[in-house]
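# Coordinates in review
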Amino acid sequence: MPSIKKTEQQLAASTLRIHTVLPLLTAFFLSGCYEIGPTRLDRDQSDYSRALTSASKQQTLLNVVRLRYADTPGFLDTTQLISGYQLQRNVSVGIGTYSVATRPYGGIAAQLQESPTFTFQPVTGDAYAESFLRPLPPANLLPLVMGGLPIDVLFRLSVQSVNLINNVGPMGGENARGTPVFFDLLSDLRALQLAGLLGIQLERTPQTQGMEAQPDRVYLSIMSSDDPVLSGVVREVRRLLGMAQNDERVEVTYGGGRPRPGQIRLLTRTILGVLGQIAYQIEVPQDDIVSGRTRPTIRLTGHEKRPIVVIHVANEKPDSVFVWTTYNHKYYWIADNDYDSKLAFTMLQILLELSKTSKEPNTIVTIPANG
């Protein structure tokens, strides 16, 4: 009888402990689920942002290398990313007899499952033509200068000619060396930009119902300066652009050739033209040229002997890179300590984003990425 009574007392004490501890454990355990959303949002936004940016850079570099070997470029946009989480919880508590003692027992288990889904849109058809085969409009291009992008790098990438002054051609040949004074003009424009004497004005064109939409008008301002050095730069830029020396503003229009009075003509490139310009300056292995897999590298002369984006190639995976990709069992990369190449490549990424259209996709590829 004393043994049975002792067991009953232990059972009662254990039951009391369970009723006391169980609500606390349950409340503590379940309260954790409310921290999942804010915690994962902060972490996922940063992680996926880095991953998307890295994937976009790799795709751009791969397409540049493909063009170097006359291979077909391909563009795949990530249009949607959904990252879902499921939290499974389990709390169990009971009483069991072990040896001569009666003790409570239990367990707590939780499992967090992530189910990301990516939606890709191939760029084809009208969207491809609009994004990559249409010249970049000056009204979209020049405001980037006022956003702080260097005008000399921007023009080297995206402008084929200013009036009758030609940039280096993207495909090589006798006419691909460009006009030497083109790079003098870019250097002077950059000096005026740094001095605050270069301005861009964008004027919205009123749209009339029932009439074809008219493009916005963009103006370039070359302001005067009392500084004798900058004053000489102002005079030279105005001369090269065909402006009267007492004019401070000129309209920028799309096209090549000789402009009308009060205008300059800006022949801009397509995105494929920009990519091709970078591609044909890659120093590829000599064996690939001898075998006929690609053409010889475009050699720059004069002021711009250095390619706008220096892309290296090797058989081994490089270290300390800004972006890298593989093609035909070789590694292609931009060095992380090459600031000029990184800046030009980043501006290329900005131009790619500007060129994208909002047309409805013909094909969507959705890939669940369960681990």
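Residues numbered from 1 in each chain as written. Predicted model: local features only at pLDDT ≥ 70, side-chain atom pairs only at ≥ 80, totals over all residues. Heavy atoms only, no water.

### A short note on unusual backbone geometry
In terms of backbone geometry, most residues other than glycine have negative phi values and most peptide bonds are trans. Positive phi outside glycine occurs at Ser 320, with the angle close to 50°. As for its position among the elements, Ser 320 is in the loop between strand 9 (312–314) and strand 10 (321–327). Positive phi is not limited to glycine here, since His 329 has a value of about 65°. Take His 329: it is sitting in the loop between strand 10 and strand 11 (330–335). In this structure His 329 comes out as exposed when scored by relative accessible area, which is 76%. (Helix = DSSP H or I, 4+ residues; strand = E, 2+ residues; numbered from the N terminus. Buried < 20%, exposed > 50% of the residue type's maximum accessible area, 1.4 Å probe, protein only.)

### Regarding the sheet that holds strand 8 (residues 263–268)
Within the open sheet, the six strands sit side by side as 4-3-8-7-6-5. Their pairing is mixed. Of all the strands in the sheet, just strand 4 (165–166) and strand 5 (198–203) have a single pairing partner and so form its edges. With two bridges connecting them, strand 3 (residues 159–162) and strand 4 associate as antiparallel partners. By the bridge assignment, Ser 161 is partnered in strand 4 with Asn 166. Sitting on the sheet, helix 6 (residues 151–158) is in contact with strand 3, strand 5 and strand 8, with an inclination near 105° to strand 3. (Pairing = 2+ DSSP bridges. Contact = heavy atoms within 4.5 Å. Axes fitted to C-alpha atoms, helices over the stretch in contact; angles between N-to-C directions.)

### Some points on the packing of helix 7 (residues 180–195) against helix 8 (residues 228–240)
Put simply, helix 7 and helix 8 touch, their axes get as near as 10 Å, and they point 130° apart. Of the possible angle classes, the one that applies to helix 7 and helix 8 is oblique. At the point where helix 7 passes helix 8, the crossing takes the left-handed sense. On helix 8, the residues that touch Val 181, Leu 185, Asp 188, Leu 189, Leu 192 and Ala 195 of helix 7 are Leu 230, Val 233, Val 234, Glu 236, Val 237 and Leu 240. Residue classes in the contact of helix 7 with helix 8 are distributed as ten nonpolar, no polar and two charged. (Parallel < 35°, antiparallel > 145°, perpendicular 65-115°, else oblique. Left-handed = near helix turned anticlockwise from the far one by under 90°. Nonpolar A, V, L, I, M, F, W, Y, C, P; charged D, E, K, R; others polar.)

### A look at the sheet that holds strand 11
Across the sheet, which stays open at both edges, the three strands sit in the order 9-11-10 with antiparallel pairing between neighbours. The sheet terminates laterally at strand 9 and strand 10, the two strands that pair on one side only. The sheet shows a mean angle of 25° between the axes of neighbouring strands, direction not considered. Sheet analysis places strand 9 next to strand 11, joined by three bridges and oriented antiparallel. By the bridge assignment for strand 11, His 312 is matched with Trp 333.

### Overview of the packing of helix 6 against helix 7
At a closest axis distance of 8 Å, the pairing of helix 6 and helix 7 adopts a crossing angle of 145°. Within the contact between the two elements, helix 6 uses Ile 151, Asp 152, Phe 155 and Arg 156 and helix 7 uses Phe 182, Phe 183, Leu 186, Leu 189, Arg 190 and Gln 193.

### Considering the layout of surface pockets
Space inside the largest pocket adds up to approximately 510 Å³. Looking at the lining of the largest pocket, the elements with two or more residues in it are helix 2 (36–68), strand 1 (76–98), strand 2 (101–122), helix 3 (125–132) and helix 11 (339–355). Considering every element that reaches the lining of the largest pocket, the biggest residue donor is helix 2, with six residues. Here the lining of the largest pocket is composed, by residue class, of nine nonpolar, ten polar and three charged. (1 Å grid on protein atoms, 1.4 Å probe; cavity = no way out; pocket = protein on both sides within 12 Å on 5 of 7 lines; lining within 4 Å. Points joined across faces, edges and corners; volume = space filled by probe spheres on them.)

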